[in-house]
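# Structure at a glance
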Amino acid sequence: MSRGEERLTMENDGRLRKLIIVGGGSSGWMSAAYLCKALNFSVDITLIESPTIGRIGVGEATIPTIKEELFDFLGIPEEEWMAECKATYKLGIRFQNWKKPASQGGDHYYHNFGEMPLVKGMPLSHVWMYKHQQQGYSLSLDYACYHASALSDAKKSPRYMDGTRALHHAYHFDALLIANYLKEWSIARGLTHITDDVVGTELDEGGNIKSLRGASGRTYEADLYIDCSGFAGLLIEKALGEPKVSFHECLLTDRAVAINIPENPEAEGIRPYTTATAFSSGWTWEIPLYNRSGNGYVYSSAFQTPEDAEREIRAWFGKKAERLDVRHIRFISGRRRRSWVKNCVSIGLSSSFLEPLESTGLYFVYAALYQLVSYFPNKRIDPVLRDKFNERMAYMVDDVRDFIVLHFCTSPRTDTPYWRANQHDLKLPDTLQEILELQRAGVPIRRSYHSNETLYASFEAAFDRFWTNSNFQSIFAGVNYLPKQPMPLLWHRQDILHDAERVFHDIKLKTAQMMARLPSQYEYLTALYARGSEHGEESGPPANGGLELGESGASGPGL
């Protein structure tokens, strides 16, 4: 077969050949890297990025699946990216003052990664409830059922000095730096990078995107378009008109004020957790990076002005926040009615946004990419693939929404109008109402089918059952939202109660052993960063000279 005949055969076989990503930032460059690898470098992928419109660069917190499903998938070891992105480890989230305000003494609890043990099929959480309610057991669930809480207090690393992992972990990193790292990785493997402003789109007679028009005068054509243009929604909204489904009736927060604060890790250590502290009209995040912390206050504009919100967060951080710039951000929690419309798939903020309480923003990106690859189409898109993708995306976002709303509606705080509104004025989804009813009845919620040693049996299984009983009970116990009585079965199963004592003892013993052996996070990361500086660029397949084409204009924020 001649080259001309081979080319004609390829053009007529229906395979998708060209793909364009609009927008850079975390979602754009994660999409670029993931799709290059997942499609075996066989599709012509171009990313069009704005040279002028800035990204929302904040400290980013993640969940554990990002290691296996992104970095391990791409074949990038920790020592090769963590130092460049000022990354630190994360063992979970420390929630502060969600039961009572700081003026009344405050409180805290941890939502740790990993599953609590099972005792003869019974979640340890429900044995803890029995001990707490019937025997006056004073140790809180997060310390009784997990190793990570005490180790977080001590600012320990989740890895021993030889690199062996002791605890499930995720990461904190600089969102701008991770985007730049994946940008270099993708271009080195053949992706075409163009800087231009997408100022218009042309649709064909079927309503599909036929081409994009740049401010440079160039026209860009592809078989499939990925919209990573952030809140702007240049393709999914402005070109195709897909509406949003708002969650404003159950999530009141809609503003944020962000501030970056320098840190001294050598003197102060590095916290291996995200901190979420309840404020008067929302909550503030603290994300510790190696050289600074990324912080912000997420609040409701119905209960507080931007000026008062800025004063409240500055007062919280005191002298550290003096003379530092802040950024005010507007947002609406919700999702597209459909994330994939015609030949356009929206990824990241163009598809959905939920206020960041449980650090799921980047999870939405690589989970959507995983599903896109699972239902990847030919040039002529089968509607069944598109519909299934949209069904999965809607379920994912709505399920996370329920879990986030749960934090607010179960908080017993009544000291401000905002917290009273969360108790009395929210319109809770029926799916969340069912979860609350199960909790009041004392029934375990979404029992985990994973082993105690494995966080997720597979990404597909985790997608279907992302939040398990361990997650729900961590939050419920943290704010004392407990059943009126223990699970009735335990009255008849003294054998479970007996065996559970050994499990509680083993957790306490192993925690003490890890406390003695694990290095501090600062100590471990300093050594890891030093090892990373000794590595050159990963060779990786195939380095075939990706293009970098500069044009004037802007394509919209890739957030």
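Quick note: structure is the one above.
### Considering the pattern of salt bridges
Under the counting rule described, the total for this entry stands at 30 salt bridges. Note that R336 and E237 form a salt bridge whose closest N and O atoms lie 2.8 Å from each other. Placement of R336 in strand β21 (residues 334-336) and of E237 in the loop between β14 (224-227) and β15 (244-246) is noted, with a sequence separation of 99 residues between them. The exposure class assigned to E237 is partly exposed, which follows from its relative accessible area of 30%. Between E242 and R338 there is a salt bridge, with the nearest N and O atoms lying 2.9 Å from each other. Pair noted here: E242 is in the loop between β14 and β15 and R338 is in the loop between β21 and β22 (340-341), with a separation of 96 residues, a long-range link. Given a relative accessible area of 34%, R338 falls into the partly exposed group.

### Here we look at the sheet that holds strand β13 (residues 219-220)
Sheet architecture is open: three strands sit in the order β11-β12-β13, paired in antiparallel fashion. Looking along the sheet, the strands with just one partner apiece sit at the ends: β11 (198-203) and β13. The sheet contact formed by β11 and strand β12 (residues 209-214) spans five bridges and is antiparallel. Its bridge partner lying in β12, V198 is registered against G214.

### Structural notes on the nonpolar core
In this structure, W81, W98, F173 and I226 are the most contacted members of the largest nonpolar core, which totals 105 residues. With 11 residues, the single largest contributor to this core is helix α12 (residues 383-409). Aside from chain neighbours lying at most four places away, what touches W81 is F71, I76, A87, Y171, F173, I178 and Y181. One finds M129, I496, A500 and F504 within the second-largest nonpolar core, a separate group that totals 22 residues.

### Here's the deal with the packing of aromatic side chains
For the coordinates displayed, the defined rule picks out 34 aromatic pairs. The interplanar angle of 70° and the centroid separation of 6.1 Å between the aromatic rings of Y110 and Y143 together place this pair among those described as edge-to-face. Taken together, the residues Y110 in strand β6 (residues 108-112) and Y143 in helix α6 (residues 141-144) connect sequence positions 33 residues apart. Residue Y110 is classed as buried on the basis of its relative accessible area, which comes to 1%. Aromatic ring contacts, followed pair by pair, group F95, W98, Y109, F303, F408, Y418 and W419 into a single cluster.

Conventions and cut-offs
- Residues numbered from 1 in each chain as written.
- Predicted model: local features only at pLDDT ≥ 70, side-chain atom pairs only at ≥ 80, totals over all residues.
- Heavy atoms only, no water.
- Salt bridge = Lys/Arg side-chain N within 4 Å of Asp/Glu carboxyl O.
- Helix = DSSP H or I, 4+ residues; strand = E, 2+ residues; numbered from the N terminus.
- Buried < 20%, exposed > 50% of the residue type's maximum accessible area, 1.4 Å probe, protein only.
- Pairing = 2+ DSSP bridges.
- Core = buried A, V, L, I, M, F, W, Y, C linked by side-chain atoms within 4.5 Å.
- Contact = heavy atoms within 4.5 Å.
- Phe/Tyr/Trp six-rings, centres within 6.5 Å; stacked < 30°, edge-to-face > 60°.

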